[in-house]
Amino acid sequence: AAPIGIFPTIKEVIARCQVQAALTHNTPAGINAAVAAALMSHYFLYDRGDKADLGRFLERHVPGDWGQPWQGKVGAPGWMSVRAAVTALIQSRTLSELLQRCIAFRGDVDTVAAIALAAAACSAEITPDLPAQLHRGLEDGPYGYRYIQQLDTELLSLRRKK
């Protein structure tokens, strides 16, 4: 869902994400979680506010308690992962700190980290400090590391400037 946040308006992000999420998470809670995840990247890409206000922003646009801090193990429902990601993002200053916070929740932490790191990569308030060894040795076949970097560059070039 995070790449859908590149669209320039909140209305467009929501509409496109609802279509996307209906294919894989076709329940009201699943769709809302996907929309919230997409709006997280949108929030940072378009400088919609401080990271401390992310939960309140999401609550204005998507049903759910997105600003309520998550505690404990994260289960399979997507809304849990999104709430945990929001909590970790708000409490972190760096990508490494964010990753550690995501892991500390226990449970479906790979989903939490994917959501949180995608949004954090769009935030000027999160310092990118992941160690080089996390990049070394990544698969780099036709759809590997360099391919993903190119997709990232192309996607971010679509962002409309204010």
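Each remark here, short or long, concerns the structure printed above.
Residues numbered from 1 in each chain as written. Predicted model: local features only at pLDDT ≥ 70, side-chain atom pairs only at ≥ 80, totals over all residues. Heavy atoms only, no water.

Let's talk about the overall build of the protein
At step 1: Within the protein, the secondary structure is distributed over seven helices and zero strands.
At step 2: For the protein, the sequential pattern of α-helices and β-strands runs α-α-α-α-α-α-α.
At step 3: At 15 Å, the protein has a C-alpha radius of gyration in line with the 15 Å of a compact globule built from 162 residues.
At step 4: Principal-axis analysis of the C-alpha atoms places the extent of the protein at approximately 40 × 35 × 30 Å.
At step 5: Counting over 162 residues, the protein shows a buried share of 38%.
At step 6: Computed over 17 positive and 15 negative side-chain charges, the inter-centroid distance for the protein is 4 Å. (Helix = DSSP H or I, 4+ residues; strand = E, 2+ residues; numbered from the N terminus. Rg over C-alpha atoms; globule rule 2.2 N^0.38 Å. Buried < 20%, exposed > 50% of the residue type's maximum accessible area, 1.4 Å probe, protein only. Lys, Arg positive; Asp, Glu negative; His and termini not counted. Charge placed at Lys NZ, Arg CZ, Asp CG, Glu CD.)

Re the packing of aromatic side chains
At step 1: What the rule picks out here adds up to four aromatic pairs.
At step 2: Geometrically, the ring pair formed by W70 and W79 is edge-to-face, given 5.9 Å between the ring centres and 75° between the ring planes.
At step 3: When the centroid spacing of 5.0 Å and the interplanar angle of 90° are considered together, the rings of Y143 and Y147 count as edge-to-face.
At step 4: Residue Y143 is classed as exposed on the basis of its relative accessible area of 62%.
At step 5: A connected cluster of aromatic rings, assembled from ring pairs, spans Y43, F44 and F57. (Phe/Tyr/Trp six-rings, centres within 6.5 Å; stacked < 30°, edge-to-face > 60°.)

Points about the pattern of salt bridges
At step 1: Going through the model one piece at a time under the given rule, you end up with five salt bridges.
At step 2: We note a salt bridge from R16 to E12, for which the minimum N-O separation is 3.0 Å. One end of the pair, R16, and the other, E12, are both in helix α1 (residues 10–24), four residues apart, so they sit about a helical turn from each other.
At step 3: For E12, a relative accessible area of 24% puts it in the partly exposed group.
At step 4: Several salt bridges share partner residues, and in doing so they unite R93, E97 and R101 into one network. (Salt bridge = Lys/Arg side-chain N within 4 Å of Asp/Glu carboxyl O.)

A word on the layout of surface pockets
At step 1: The space that makes up the largest pocket amounts to roughly 800 Å³.
At step 2: As for the largest pocket, its lining consists of 24 residues, and the residues nearest its centre are L117, A118, A121, I148 and D152.
At step 3: Of all the elements in the fold, those that place two or more residues in the lining of the largest pocket are α2 (28–45), α6 (109–120) and α7 (145–157).
At step 4: In terms of residue count, α7 provides more of the lining of the largest pocket than any other element does, seven residues in total.
At step 5: When its residues are assigned to classes, the lining of the largest pocket shows 18 nonpolar, four polar and two charged.
At step 6: Around the second largest pocket sit 17 residues that line it, and A1, H25, A34, A37 and I115 are the ones nearest its centre.
At step 7: Secondary-structure elements contributing two or more residues to the lining of the second largest pocket are α1, α2, α4 (78–91) and α6.
At step 8: The residue makeup of the lining of the second largest pocket, split by class, is 10 nonpolar, six polar and one charged. (1 Å grid on protein atoms, 1.4 Å probe; cavity = no way out; pocket = protein on both sides within 12 Å on 5 of 7 lines; lining within 4 Å. Points joined across faces, edges and corners; volume = space filled by probe spheres on them. Nonpolar A, V, L, I, M, F, W, Y, C, P; charged D, E, K, R; others polar.)

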